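Structural characterization, general
Each chain, written out:
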Amino acid sequence: MDSLLIFVIAIVFMGIPIHLHLKKLRKQSTHVSSGTGSTGAGIKVSLPTVSCSQCNTPVTKSAIFCSKCGTPLAMYDLKKAPIVDPNLPEDETAPLKPAIDVGSCIGCGSCVSVCPDNALALVNHKAVLPDPALCTGAAKCASVCPTGALVLVRLGSGRKVQVPFVQENFETNIPGLYIVGELGGMALIKHAVNEGRMVIDKLLGKIAPKEGVFDTIIVGAGPAGLSAALSAKKHNLNALTIEAEELASTIRKYPRNKFVMAEPLEIPLYGNLWVQDTSKEALLDVWKTIVQNTGVAIQEHTRCVNIVKQSDGHFAVKTDTDVFSAQTVILAVGKRGTPRKLGVPGEELSKVTYQLIDATEYHDTDVLIVGGGDSALEAAMALSNQGSNRVTMSYRKNSFAGAMARNREALDQAVAKKRIEVLYESNLVRITDTDVVLRLKDGSERTVPNRFTFLMLGGESPNEFLKQMGVDIVTRMLPVV
């Protein structure tokens, strides 16, 4: 009996400190989740927090997603970046370091694999620079980044990006006028789709139906515009979606069989969509299926030429066929709609184009590709794969360092097999009905037989269109990550 009593007393005395210790641990855990923590010495510290731009929930600054609404926080990096003077001088003596736009980083790891300093790493499928001191500025990382998410900047500086002024709620400096997708700096399909859905969420409760006036007009039917259109239909908004060309024309302009990196997406009215590393045609089929299954209406071949905010607060959206009135406008036009031009003699000829739709249409003919990006390389290889075509590439630089590694390797193989001739450090001088004239590195000119000319020079930002409407164009400084 005495032994049992001693045992019970011992349990009580041992249990009290254990209970107190567990209580202390629970208290620390609560502090961490709410933005406070504790050092090993037991000193309480505050973890930096930010508010989720979508739902205002406090989250730790290092978080990838909002713990409440699941929004990727990187989507707002550009919108929250400080506005700077574009002519702000840089310290030319400062070493070069990688600046990574995590919103555009697809986590392919190309930069990590080529870094000779082992300075880069992948964390949560994003490239990071854990210890900047290890980086010697070798620059190989920037040359292999397929999305341009990684660039080199001077240490202590940042990455300057010229974009329309867009706030965290996607609204521009003009109340009621919103910008989503590529035009606002979000080039990735997954972010564009998310932004299209989220901008509609921002409109809910702010607008009331008015006779003869659309709740919103969505300009552009690419990934962001289609997502906005679907979300507007889901919430029974009186919306009109117009597209200058065809549905998802941005994707249509990719060279045939271009692989598009995408991730699981939540499509309004459709559900989760899993499309990964697929062809352009497959992605377009998915887009068509979504439109057919949901019944969302897209008014194609309708070009928006101007948008004016009127004295009654409504927008007059002028197209090439009509004028519509709307309470709000969502611009989702992207940057690829206006191809960059060279301005050389002969560029107006019908044989000159700025995109390759179907390489199989070209047989036993002379073609010239001008440009050094992935689209140019893929177009050249697609045309050379037809077997009988004679393909020449002209590029003003001495390498295709900005293109993806797999495209460069494929091009090297095609050149080795004499299926493609590449003229580095050359410039197109003029185009005629039967040939093109190129200025070579040594200053001489070379005439090349030509039937079709593809100018793959990327797109110009529609800044003039935006300025005409009164949208401010600003330069933002993204910090070095």
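Up top is the structure.
Residues numbered from 1 in each chain as written. Predicted model: local features only at pLDDT ≥ 70, side-chain atom pairs only at ≥ 80, totals over all residues. Heavy atoms only, no water.

Thoughts on the packing of aromatic side chains
In this description, an aromatic ring pair is defined by two values, namely the gap between the centres and the angle between the planes. Enumeration according to the criterion identifies five aromatic pairs in this entry. Centre to centre, the rings of Tyr 362 and Phe 454 are 5.4 Å apart; their planes meet at 75°, and the pair counts as edge-to-face. Residue Tyr 362 is found in the loop between β18 (352-353) and β19 (366-370), and its partner Phe 454 is found in strand β25 (residues 452-455); the two are separated by 92 residues along the sequence. Across the pair, exposure class does not vary: Tyr 362 and Phe 454 are buried alike. With 5.1 Å between their ring centres and 15° between their planes, Tyr 395 and Phe 400 make a pair best called stacked. Taken as a pair, Tyr 395 and Phe 400 share a single burial class, namely buried. (Phe/Tyr/Trp six-rings, centres within 6.5 Å; stacked < 30°, edge-to-face > 60°. Helix = DSSP H or I, 4+ residues; strand = E, 2+ residues; numbered from the N terminus. Buried < 20%, exposed > 50% of the residue type's maximum accessible area, 1.4 Å probe, protein only.)

Notes on the packing of helix α5 (residues 189-203) against helix α6 (residues 223-234)
Contact pair α5 / α6: the axes reach a minimum separation of 7 Å and the direction vectors enclose 35°. You can see that α5 and α6 cross each other, and the crossing is right-handed. Where α5 approaches α6, its residues Ile 189, Ala 192, Val 193, Gly 196, Arg 197, Val 199, Ile 200 and Asp 201 are matched on the opposing element by Pro 223, Ala 224, Ser 227, Ala 228, Ser 231 and Ala 232. (Axes fitted to C-alpha atoms, helices over the stretch in contact; angles between N-to-C directions. Left-handed = near helix turned anticlockwise from the far one by under 90°. Contact = heavy atoms within 4.5 Å.)

Digging into the environment of Glu 195
On the secondary structure map, Glu 195 appears in helix α5. For Glu 195, a relative accessible area of 0% puts it in the buried group. Expressed as a C-alpha distance, the spacing of Glu 195 and Phe 170, which sit 25 residues apart in the sequence, is 8.2 Å. Polar contacts involving the side chain of Glu 195 include one to the side chain of Lys 79, which spans 2.8 Å. (Polar contact = N/O pair within 3.5 Å; in protein donor to acceptor, adjacent residues only side chain to side chain.)

A few points about empty space enclosed by the protein
Counted by the stated rule, this structure contains two cavities of 30 Å³ or more. Taken as a whole, the second largest cavity encloses approximately 80 Å³ of empty space. Around the second largest cavity, the lining is made up of 14 residues, and of these Cys 115, Cys 135, Ala 138, Ala 139 and Cys 141 lie nearest the centre. Class assignment for the residues of the lining of the second largest cavity results in eleven nonpolar, one polar and two charged. (1 Å grid on protein atoms, 1.4 Å probe; cavity = no way out; pocket = protein on both sides within 12 Å on 5 of 7 lines; lining within 4 Å. Points joined across faces, edges and corners; volume = space filled by probe spheres on them. Nonpolar A, V, L, I, M, F, W, Y, C, P; charged D, E, K, R; others polar.)

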